[in-house]
Amino acid sequence: MIKSVPRDSQPGGQGLLATLRAWRIAHPLASYAVRRFLVYLLTLWGSFTVTFFFFRLIPGNPIEAYIQSLQAKQIYNASASQDLVKYYNTIFGLDGNLFQQYIHYMNQLIIKHDLGPSLLNFPDPSQVLIARSLPWTIGLLGLATIISWILGLILGALIGWRREKKAAEWVTNVCIGLSHIPYYFVALILIFLLAYQFDLFPSTAAYNPVYNPGLNWDFISSVVQHGFLPALSIVIISVCGWMLSTRMLMVTTLGEDYLTFAEAKGLKPRHILMRYALRNCYLPLITGLGINLGFIFNGNVLVEQLFAYPGIGYLFVTAVQQLDYNTIQGIVALAIFGVLTANLILDLLLPVLDPRVKYN
Amino acid sequence: MRRFLLALGGLWNASRKVQAGVLILAFFILVAILHQPLSALIGHGRDPLALSEAAAWQMPNGEHWLGTDRYGRDILAMTVTGLTASLEVGAIAGLLSTIFGVIVAFVGGYKGGRLDSILSGTTDVFLVVPSFPLLITLSAYTSRVSLFSVAVILAIFSWPFAARTTRSQVLSLRSRPYVELAKVTKLNDFEIIFQELLPNLLPFIGVGFASASLGSIFALVGLEVIGLGPSGILDLGQMLNWSQGWGALSLGAWPIFVAPVFVLAMLFFSVNLINIGLEEVYNPRLRKTAGA
């Protein structure tokens, strides 16, 4: 006898599954969010695992390197005792085989929120060092990113709107030329011109150590002065990138019928630009901004290095020179976390911002 | 083959941006190939890179068009020689990552199914892992590397980009009518990939190759600026490292860092032009409106 029973209504057994399925159908939005969050956790775990094994497979023994550097500073005699090495191995999580080390690391990272002791500044755990550099990087790169996004949006909308003008064409070509040049190159030229030739801005460090860090005018103006050149070198280039993408979006939008209709209705051109054309370009631009903000946690190694700016990138290079495992791994983990979290927030936010985006 | 050449000719005529980009790129490649006779010409028969009695830190003049460095070596000759090494690294790294990325993309994109999910999942994880920090770490631990091994390391980090872009193209081409037709006429997978898909994707693969090469060149420059990277090889990044180490910025000796920065920026510019030109050709919506 052939009987067709819908799987949902099968009696008994799959009670929980059936409830889950019913819940998913009843709440598509929440179920999308949950699924997206699970994917996020999975990717996070995957990339942490990849980086963990990457760092462990690199030849070189950090403990040996550390003891050697201590010996170079003549803190210890010719050879460190076996006990000391054993002690270091334990606190650095290097006991046992690779799998046991992996469990130790993951446990430390996820349960204890601890990255392990750093070598740069020994008893301090790595997260303390990272937390010290993070504000500088976030301040510098975050501000530079947001400023260039806003400028790029405005200028890009203008050159897209007036795309037939010769001037707009030239600006576009200049942008194409500049948009892919590494920040570092501009930074070099700017340091040479503005810091050395004309002596307008300081070329290194984040503030003048004469002033006490705090909420006083001297300190703040010193921070702004020191941050100006690195920020400018980033803004000059990334504005061009945002301008090009805004212009590209504008140009494709301007061909749409509803804009012709808006013009036929006799709306003011400015109204059409702001309310009709630009609004439809926001979505990819906001996505781009979010992804770029996520990448901030990488720091900008070259620019920070060139200006000796005490951010994440600078810390990273110092950590690499000292072969400071835990700090290096912590910074990489932070960078991964930043990018993935930015993506997660965007994916959850976009459907709210633009009703045309479908959950799937 | 004839069909392919015709298509290339069509591309050439279709966009002035592509023309300009190809010409700039071709010029630099030519300079790199001819670097030996060129540097002989610059040195008037002597080796312009040998330590010489010429005065140090000369500004550009008739004898040394771009001046000299700390040891009286000619900077123009340094730039030409450095360009060769940089392009060499770029070519090797670009080639390796393009080949690997394209294979992954074709296998995953054409076959689909679970294999595709695994391959693109792996690609995604690699894309998220921040490559430049890892690159720095890797070169810090492996000191004294050769030009070739640096190129291989660079390729490890750039293949996912090639795989990602090619895969999306394969996905869109897979369901085109002429591929369906080829399937109906019982061509096997290899024949379809090599006769139908690959020729249509060559411009994209070419651009992917150029971007991967440039990315690798810049990554190497970045490594050398920090003071890592292969030892004993003169390339453009090495010049930048020297200019910083020798305090050229504060001495006002601009040629030693302006020359490599200019050359690298022009390389970026040309590849970018080709990229944008191709996009306009393939996406007619942009063609009329994109400036020039």
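Residues numbered from 1 in each chain as written. Chains lettered and ligands numbered in written order. Predicted model: local features only at pLDDT ≥ 70, side-chain atom pairs only at ≥ 80, totals over all residues.

Here the focus is the overall build of chain A. Each helix and strand in chain A was counted, giving 15 helices and 0 strands. Reported as C-alpha extents along the three principal axes, the dimensions of chain A are approximately 90 × 85 × 40 Å. Expressed as a percentage of the 360 residues in chain A, the buried residues total 34%. Contacts in chain A between residues far apart in sequence, at least 24 positions, make up 70% of those at least 6 positions apart. (Helix = DSSP H or I, 4+ residues; strand = E, 2+ residues; numbered from the N terminus. Buried ≥ 20, exposed ≤ 12 C-beta atoms within 10 Å, placed from the backbone. Contact = placed C-beta atoms within 7 Å.)

With that settled, the discussion passes to the environment of Ala26(A). All names here are of chain A. Note that Ala-26 resides in helix α1 (residues 15-26). C-beta crowding within 10 Å serves as the criterion here: with 9 such atoms nearby, Ala-26 is assigned to the exposed category. As for Ala-26 and Leu-353, which are separated by 327 residues in sequence, their C-alpha atoms are 22 Å apart.

Contact with chain B, which involves 35 residues of that partner, is made by 45 residues of chain A. Elements with a minimum of two residues in the side of chain B that touches chain A: α5 (113-128), α6 (131-141), α9 (189-226), α11 (248-251), α12 (255-282) and α13 (284-287) of chain B.

All right, on to unusual backbone geometry then. Unlike most non-glycine residues, Ala308(A) shows phi in positive territory, near 50 degrees. Note that Ala308(A) resides in the loop between α13 (301-306) and α14 (312-321).

Residue and element names in this part refer to chain A. Taken residue by residue, chain A gives an average pLDDT of 82. The fraction at 70 or more is 90%. Ranking the elements of chain A by mean pLDDT puts helix α3 (residues 62-72) last with 71 and helix α6 (residues 126-161) first with 91. This model gives residues 1-12 a pLDDT under 50, and the stretch forms 3 contacts once residues within four places in sequence are excluded. (pLDDT = per-residue confidence, 0-100.)

Now for the confidence of the model for chain B. Residue and element names in this part refer to chain B. Summing up the model confidence of chain B, the mean pLDDT is 80 and the portion of residues at 70 or higher is 91%. Across residues 288-292, where pLDDT falls below 50, the model places 12 contacts with residues more than four positions away in sequence or in other chains. Scoring the predicted complex yields pTM 0.79 and, for the interface, ipTM 0.75.

Our next topic: the packing of helix α4 (residues 75-111) of chain B against helix α10 (residues 236-245) of chain B. Residue and element names in this part refer to chain B. Where α4 meets α10, the closest approach of the two axes is 7 Å, and the angle between their N-to-C directions is 125 degrees. Comparing the axis directions of α4 and α10 gives the class oblique. Taking contact as the criterion, the partners of Met-78, Gly-82, Leu-83 and Ser-86 in α4 are, on α10, Leu-236, Gln-238 and Met-239. Grouping the amino acids of the contact of α4 with α10 by side-chain chemistry returns 4 nonpolar, 3 polar and no charged. (Axes fitted to C-alpha atoms, helices over the stretch in contact; angles between N-to-C directions. Parallel < 35°, antiparallel > 145°, perpendicular 65-115°, else oblique. Nonpolar A, V, L, I, M, F, W, Y, C, P; charged D, E, K, R; others polar.)

Residue and element names in this part refer to chain B. For α9, spanning 38 residues, the distance from its first C-alpha to its last is only 47 Å, which falls clearly below the expected 56 Å at 1.5 Å a residue. Maximal helix bending in α9 amounts to about 55 degrees, located at Leu-198; proline Pro-199 follows within four positions. Just beyond α9, the residue with positive phi is Gly-227, at close to 105 degrees. (Expected span 1.5 Å × (residues − 1). Bend = angle between axes of the 7 residues up to and from the residue.)

Below, the discussion takes up helix α8 (residues 177-184) of chain B. The buried fraction of α8(B) amounts to 0 of the 8 residues, a small share that puts the element mostly on the outside. Positioned one or two residues after α8(B), Lys186(B) has a phi angle of 65 degrees, which is positive.

A few words now on the packing of helix α12 (residues 282-295) of chain A against helix α15 (residues 325-353) of chain A. Residue and element names in this part refer to chain A. Axis separation between α12 and α15 bottoms out at 8 Å; the angle between their running directions is 160 degrees. Put simply, α12 runs roughly antiparallel to α15. Note on packing geometry: the crossing formed by α12 with α15 is right-handed. Where α12 abuts α15, its residues Leu-283, Ile-286, Thr-287, Gly-290, Ile-291, Leu-293, Gly-294 and Phe-295 lie against Gly-338, Val-339, Thr-341, Ala-342, Asn-343, Ile-345, Leu-346, Leu-350 and Leu-353. Split by residue class, the contact of α12 with α15 holds 11 nonpolar, 6 polar and no charged. (Left-handed = near helix turned anticlockwise from the far one by under 90°.)

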